[in-house]
Amino acid sequence: MTHNQINEGPKIALFEPDIPQNTAAIIRTCACLGGKLEIIEPCGFLFNDKRFKRVVMDYMDEKEIKFYQSSDDFFRSKENQRIILMTTKASISYTKFKFKKNV
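Below: a short report on this structure. (Residues numbered from 1 in each chain as written. Predicted model: local features only at pLDDT ≥ 70, side-chain atom pairs only at ≥ 80, totals over all residues. Heavy atoms only, no water.)

**Notes on helix α1 (residues 20-33)**
Inference 1: Between its first and last C-alpha atoms α1 spans 20 Å; for 14 residues at 1.5 Å apiece the expected length is 20 Å, and the two agree.
Inference 2: When we look at burial in α1, the residues that qualify are Pro20, Thr23, Ala24, Ile27 and Cys30. Summarising the axial view, the buried residues of α1 lie within an arc of 120°, below the 170-degree limit, and thus occupy one face. In α1, the exposed positions that point more than 90 degrees away from the buried face belong to Cys32 and Leu33.
Inference 3: Buried residues along α1 sit in contact with β1 (11-15), β2 (36-40), α2 (50-56) and β3 (65-68).
Inference 4: Looking one or two residues beyond α1, the residue adopting positive phi is Gly34, at roughly 75°. (Helix = DSSP H or I, 4+ residues; strand = E, 2+ residues; numbered from the N terminus. Expected span 1.5 Å × (residues − 1). Buried < 20%, exposed > 50% of the residue type's maximum accessible area, 1.4 Å probe, protein only. Arc of directions from axis to C-beta. Contact = heavy atoms within 4.5 Å.)

Next up, the structure:
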């Protein structure tokens, strides 16, 4: 039996990130797990911020990060894809959410 399905790692999109250390940690996580990072601008910091550089270490490859100028641009590019939005203000905890494969 053969598969034609390409197995991709997780995709994570950050909406207007403003904490450099958290963004850097997510970049490292994506690099280690084979994930893709997408950033919806504007960012609340510069990528040469010393707090960012200290956490991101050598894992940063800007060619691997996709940037969107706005949330409208992001959602337009995902027209036929399943998107799961997470926030600290959600009414359902991520531990109770029914995740499934994007078919």
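Don't stop here, the text continues.
**Thoughts on the environment of Ile40**
Inference 1: In this structure, Ile40 sits in strand β2.
Inference 2: With a relative accessible area of 5%, Ile40 lands in the buried category.
Inference 3: C-alpha separation for the pair Ile40 and Tyr68, spaced 28 residues apart in sequence, amounts to 4.8 Å.
Inference 4: Residue contacts for Ile40: discarding those within four places in its chain leaves Leu14, Phe15, Glu16, Pro17, Tyr68, Ser70, Ser71 and Phe74.

**A look at the sheet that holds β1**
Inference 1: Strand order in the open sheet made by the three strands is β1-β2-β3, with parallel pairing throughout. In this open sheet, the two strands that pair with only one neighbour each are β1 and β3. Taken over all neighbouring pairs, the strand axes of this sheet differ in orientation by 20° on average, direction set aside.
Inference 2: In the sheet, β2 pairs with β3 via four bridges, with the strands oriented parallel. Among the inter-strand pairings, Glu38 is bridged to a residue of β3, identified as Lys66. (Pairing = 2+ DSSP bridges. Axes fitted to C-alpha atoms, helices over the stretch in contact; angles between N-to-C directions.)

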